[in-house]
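Residue-level listing of the chains:
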Amino acid sequence: MTDKLNLQSLNIPEEKREELLRLFPEVRTEGGQIDFDRLRLALGELVDTGKERYGLNWPGKSACFKAIQTPSMGTLLPAPEESVNFDTTENLIIEGDNLEALKLLQKSYIGKVKMIYIDPPYNTGNDFIYPDNYSESLQTYLEYTGQTGEEGKRFSSNTDTDGRFHSKWLNMMYPRLYLARDLLRDDGVIFISVDDGEVDNLLKLSKEIFGEENFIASIAVVSNPRGRQSDRYVATVHDYMLILAKNIDASEIGGAPLTKDQAAEFSLRDSNGDYYRLLGLRQRGSASRREDRPDMFFPIYVKPSDLSISITPVDGFVPIYPKKSDGTEGRWMWGKQKCIRDKELLVSRLIERRDEYDIFVKDYLIKGEEERTRKFKSIWDGGNYNNQFGTQEVKSLIKSDAMSFPKSSRLIVDACRMGLGGKDIALDFFAGSGTTAHAVLDLNKQDGGNRKFILVQLPEPTDRTDYPTIADITKERVRRVIKKLNDEDGNEKQQDRGFRVFKLAESNFTPWDGSIGQSPEDISRQMEIHIEHVRQGRTDQDILYEILLKSGFPLSIPVETLQVDGKTIYSISDGIMLVCLDRTLNMPSVQAIVDRLPERVVFLDEGFAGNDALKVNAKEACKLKNIVFKVV
Ligand SMILES: C[S@@+](CC[C@H](N)C(=O)[O-])C[C@H]1O[C@@H](n2cnc3c(N)ncnc32)[C@H](O)[C@@H]1O
């Protein structure tokens, strides 16, 4: 095992290969590779070997895999001065390109995100899309944001006269959706806003990536009730929100709160004061005949004097059978065992107009801890879902019209009601003005939840002076939402109302440059550069967060700073990992760190100052205590 901390982001193909080998151990070759012939055999008839394939294709699709598989050599630099409650919050706002950010988040957030909401550029002809997608990289980002080269390249828009108008959009979306899926929990869900321009492509694309069986719905959202008057023949009032699950059988989808009228149906109260309504025990609608479920046709006994119920025959009780309104034999909704188990929920009534007894079930407004909800419908229409509401919300918060077409926070609150449990993480990697953070913070306030958000936003220039980039709008809008909520309630419940800002940049460590020649002179020149391999101007905090990210710790993890034998060390997760970035290590201080018995310890290579004996001794000291020893 090498002592060098692996500074690359997660190796995606390697992960997928391991996953496949876990599923089909029989296809592993001696060298740990996949035997595809055996895999075909293992899958029996299910392999389609024909040349003509069903599916969406476009120029550049196969090159998308290169974009997915090239690991990121970037890092995320913390910016505490732009954050709110940096030390305690678990929310993140990442400024940078989302493809790189999604790669960098893989190690720490794989399988941790419950819900993703994205509102990518609709490709209207005015949106910025990277011009050269297959070779898109950290370098492209740095050039566009003016971090390398003379000055920033222009962010130009993808126009519909471009010969590759749709392909460019698809090349941009494919790798991002692919990587996003890996971040979702098994019960996770993704929501994607889109309009008529790309909905056909996005439906096919997302079904390909998530699996057709995991499609949940395409919601029509009435986003512009007045209708778009610039349309030629029909004024469009809606756009779409596509919803897909990572695994439809594992997902839990929340419902909408009841309307006042619906809640009013639960007008009866039991002796505990809990509201309920009565539902007939007889099955209504389809499959409601005796022959449909003969085991659910049986008598339930009622005592006429006090209407008490028995499932078994008792003297003085009369048998009641499920009878359809046309007089034919029906069936109950419950089997006999369930009736015995939940007998206290059954109620009998005399139906006077028929002079017959019937059986009902008590249906409570609140079941256990859970407030009753109704299923969301496939058309979302209501005053507060529209874009005008969203625009007003942002304008009144940031006192500027710098953001065009933000979504309504009410729309995303309802998406969160469907996809996000009370303590889960929501991710939005096309964050715009930060509406998703607004929605999460609002919903937490409404129901006392503790949901978290991760936003990613490009510092796309706005050509304005009040907010020079969209990322500036994101951060300021969320700051102002937090202030507003705190002013309203003083944050009595101590909810997480903060965020840590991180910015995408080149790794803190200059990589070994493979393009430099291999002659002894070249190698000795590289080694010289590498003696001080930390990039100039980077702080210990910068290095620390790169170590966390690349060791698979979430960026929100609490970090404690300690002094041990005169050296500053960072203690992660109550001392599980200790990081020492001191440049003048000696054996007593190394030993003092080792004696704290972390599971893993990370030192800076420069700390050993070329003293190989010290490094070997440090490694031995760790080995003696079963501590993983790493240097960066
Ligand atoms: C339609 S807007 C999102 C609006 C957002 N839902 C709101 O309510 O404000 C899309 C955003 O994605 C951003 N974006 C485009 N390409 C990006 C990329 N590669 N990485 C990160 N953000 C990107 C754009 O700057 C733009 O702000």
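Position numbers for residues count from 1 along each chain, tracking the sequence in the order it is written. Residues qualify for local features only when their pLDDT is at least 70, as the model is predicted, and side-chain atom pairs are given and counted only at 80 or more; totals for whole chains, interfaces and linings, by contrast, use all residues. Computation of side-chain values covers all heavy atoms of the structure but excludes hydrogens and water.

Strands pair, by our definition, only if DSSP identifies at least two bridges between them. Secondary structure elements are taken from DSSP: a helix is a run of H or I of four residues or more, a strand is a run of E of two residues or more, and numbering for both begins at the N terminus. Read from one edge to the other, the open sheet built from ten strands follows the order β1-β21-β2-β20-β19-β3-β4-β6-β5-β18, with strand pairing classed as mixed. Edge positions in the open sheet fall to β1 (74-78) and β18 (379-380), since each of these has one partner strand only. Inspection of the sheet shows strand β19 (residues 425-428) paired to strand β20 (residues 452-457) by four bridges, in the parallel sense. Looking at the pairing, I425 lines up with K452 of β20. Where helix α11 (residues 409-419) meets the sheet, its contacts fall on β3 (113-118), β4 (184-194), β5 (215-222), β6 (238-245) and β18, and the angle it forms with β3 comes to roughly 150°. Contacts were defined at the residue level, with two residues in contact if any of their heavy atoms lie within 4.5 Å. Simply put, an axis is a line fit to the C-alpha atoms, just over the touching stretch for a helix, and the angle between two N-to-C directions goes from 0 to 180 degrees. Most of the contacts of helix α12 (residues 435-447) go to β20, to which it runs at about 170°, and overall it touches β3, β19 and β20.

Quick look at the packing of helix α4 (residues 98-109) against helix α6 (residues 165-183) now. Running from amino to carboxyl end, α4 crosses α6 at an angle of 20°, the nearest separation of the two axes being 9 Å. One element, α4, and the other, α6, form an angle in the roughly parallel class. Helix-helix and strand crossings are classified by hand; for α4 and α6 the assignment is left-handed. Residues N98, L99, L102, K103, L105, Q106 and Y109 of α4 pack against P175, R176, L179, A180, D182 and L183 of α6. Following the grouping adopted for this structure description, the nonpolar residues are Ala, Val, Leu, Ile, Met, Phe, Trp, Tyr, Cys and Pro, the charged ones are Asp, Glu, Lys and Arg, and the polar ones are all others, Gly among them. For the contact of α4 with α6, a count of residues per class yields eight nonpolar, two polar and three charged. Geometric relationships in this document are graded by angle, where less than 35 degrees denotes roughly parallel, more than 145 denotes roughly antiparallel, 65 to 115 denotes roughly perpendicular, and other angles denote oblique. Should the near helix be turned anticlockwise from the far one by less than a right angle, the crossing is termed left-handed; should it be turned clockwise, right-handed.

This paragraph deals with the packing of α12 against helix α13 (residues 470-489). The N-to-C vectors of α12 and α13 enclose an angle of 15°; their axes lie 9 Å apart at closest approach. Overall, the two elements α12 and α13 adopt an arrangement that is roughly parallel. Of the two elements, α12 crosses α13, and the hand of that crossing is right-handed. Packed against α12, whose contacting residues are T435, A437, H438, L441, D442 and K445, the element α13 presents R477, V478, V481, I482, L485, E488 and D489 at the interface. Considering only residue class, the contact of α12 with α13 consists of six nonpolar, two polar and five charged.

This next bit is on the packing of aromatic side chains. Any Phe, Tyr or Trp ring, taking Trp's six-membered ring, that has another such ring centre within 6.5 Å forms a pair; planes under 30 degrees apart are called stacked, those over 60 apart edge-to-face, and the others tilted. Enumeration according to the criterion identifies 15 aromatic pairs in this entry. Ring centres of F86 and Y545 lie 6.0 Å apart, and the angle between their planes is 85°; on these two criteria the pair is classed as edge-to-face. Pair noted here: F86 is in the loop between β1 and β2 (92-95) and Y545 is in helix α15 (residues 540-550), with a separation of 459 residues, a long-range link. Ring centres 5.7 Å apart and planes at 75° place the aromatic pair F603 and F608 in the edge-to-face group. Each member of the pair, F603 as well as F608, carries the same accessibility label: buried. The ring of Y276 carries the charged tip of K362 above its face, separated from the ring centre by 5.2 Å. Here, over-ring charges are defined by two tests on the NZ atom of lysine or the CZ atom of arginine: distance to the ring centre within 6 Å, and angle to the ring normal within 35 degrees. Directly above the ring of F86 sits R500, whose terminal nitrogen or CZ lies 4.6 Å from the centroid. Remark: exposure states derive from per-residue accessible area (1.4 Å probe, protein chains only) relative to the maximum for the residue type, with buried under 20%, exposed over 50%, and partly exposed in between.

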